[in-house]
Amino acid sequence: NAGVTQTPKFRILKIGQSMTLQCTQDMNHNYMYWYRQDPGMGLKLIYYSVGAGITDKGEVPNGYNVSRSTTEDFPLRLELAAPSQTSVYFCASSLREEGEQFFGPGTRLTVL
Amino acid sequence: ILNVEQSPQSLHVQEGDSTNFTCSFPSSNFYALHWYRWETAKSPEALFVMTLNGDEKKKGRISATLNTKEGYSYLYIKGSQPEDSATYLCAFLSGGGADGLTFGKGTHLIIQP
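Visitor: Let's hear about the pattern of salt bridges: which residues, and what values?
Guide: Residue and element names in this part refer to chain B. A complete count under the given rule lists seven salt bridges over all chains for this structure. For R61, the salt bridge goes to D84, with nearest N and O atoms at 2.8 Å. Within this pair, whereas R61 is found in the loop between strand 6 (56–59) and strand 7 (62–67), its partner D84 is found in the loop between strand 8 (72–77) and strand 9 (86–94), the two being separated by 23 residues in sequence. Overlapping salt bridges, with partners in common, bring together R37, E39 and K42 in one network.

Below, the structure is given as structure tokens:
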């Protein structure tokens, strides 16, 4: 099992550009999550999904969109990149609602 | 917005010493408390998931306790080793699991040889 994979590992965007961060898991987990990690701050939940076709906002959803068309994939889209979106983004999945979360390796995004 | 506090923010410990740190969380509407270990340049990895008041869990030299009535959890490391150097995160899940985990900012542990 590859677990949770994320692409790309690094990306530099210009202000106003758009991009999609990819996340795939091969553990057949229903629950998937997107977090961002900023220096000195804890992980903040952006969006989460409890199964294919179902998504919901987390604590910091503004400027992002998600979709969940399959159990395996949970892409995060930035439509108009802003410097405030410079961060490290982690995708995670879990088998149960309260269960341990398995994290991907992260995507480091810089918006200039 | 839920408040999850961890203390201390950072900690330097001599190799071989034991140490502990704290996670405080809301005492109402509790569902689960997670502990994660996060090494530099890696991803967080789960240590414990605790759901019942009074839970005590152990993995090797690391153990954790949970008090949901007063809203705190302790993580203990016995006989610290250099490989224990990492950031330890706790995360709170409120009743029903809605809204996902709320993470604390972590305790950054450095083990000095």
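There is more to say, and it comes next.
Visitor: An account of the interface of chain A and chain B is requested, with residue identities and associated values reported.
Guide: Tallying the contact residues gives 18 residues for chain A and 22 residues for chain B. Regarding the contact of chain A and chain B, the summed buried area is about 1,600 Å², with carbon and sulfur atoms giving 61% of it. The three residues of chain A that bury the most area against chain B are L43(A), E97(A) and E98(A), which together make up 31% of that side's buried surface. Where chain A touches chain B, the interface holds zero salt bridges.

Visitor: So what about the environment of E15(B)? Which residues, and what values?
Guide: All names here are of chain B. Relative to the assigned elements, E15 resides in the loop between strand 2 (10–14) and strand 3 (19–24). Residues E15 and T51 lie 36 residues apart in sequence; the distance between their C-alpha atoms is 31 Å. E15 has contacts with S80, Q81, P82, I111, Q112 and P113, leaving out every residue within four places of it along the chain.

Visitor: Go over the pairing of strand 9 of chain B with me, naming the residues and quoting the values.
Guide: Residue and element names in this part refer to chain B. Among the nine residues of strand 9, nine are classified as buried, and the element is accordingly described as predominantly covered. Of the two faces of strand 9, the one lined by A86, Y88, C90, F92 and S94 and the one lined by T87, L89, A91 and L93 are each fully buried. In terms of strand pairing, strand 4 (residues 30–38) meets strand 9 through eight bridges, oriented antiparallel. Counted as the bridge partner of Y36 is L89 from strand 9. Examined bridge by bridge, strand 9 and strand 11 (residues 107–112) share three bridges and lie antiparallel to one another. When the sheet's bridge partners are listed, Y88 is paired in strand 11 with T107.

Visitor: Tell me about the state of the cysteines, residues and numbers included.
Guide: Inspection of every chain in the model, using the stated rule, returns two disulfides over all chains. What pairs with C23(A) in a disulfide is C91(A), and their sulfur atoms sit 1.8 Å apart. On the sign convention where negative is left-handed, the bridge of C23(A) and C91(A), at about -70° about the S-S bond, is left-handed. Highlighted residues: C23(A) in strand 3 (residues 19–25) and C91(A) in strand 9 (residues 87–94), separated in sequence by 68 residues. Take C23(A) and C91(A): they sit in the same class, and that class is buried. Covalent S-S linkage joins C23(B) and C90(B), the inter-sulfur distance amounting to 1.9 Å. Every disulfide takes its handedness from the sign of the S-S torsion; for C23(B) and C90(B) that torsion is 75°, giving right-handed. Within this pair, whereas C23(B) is found in strand 3, its partner C90(B) is found in strand 9, the two being separated by 67 residues in sequence.

Criteria and thresholds
- Residues numbered from 1 in each chain as written.
- Chains lettered and ligands numbered in written order.
- Predicted model: local features only at pLDDT ≥ 70, side-chain atom pairs only at ≥ 80, totals over all residues.
- Heavy atoms only, no water.
- Salt bridge = Lys/Arg side-chain N within 4 Å of Asp/Glu carboxyl O.
- Helix = DSSP H or I, 4+ residues; strand = E, 2+ residues; numbered from the N terminus.
- Contact = heavy atoms within 4.5 Å.
- Buried area = accessible area lost by both parts, 1.4 Å probe.
- Buried < 20%, exposed > 50% of the residue type's maximum accessible area, 1.4 Å probe, protein only.
- Pairing = 2+ DSSP bridges.
- Disulfide = S-S within 2.5 Å.

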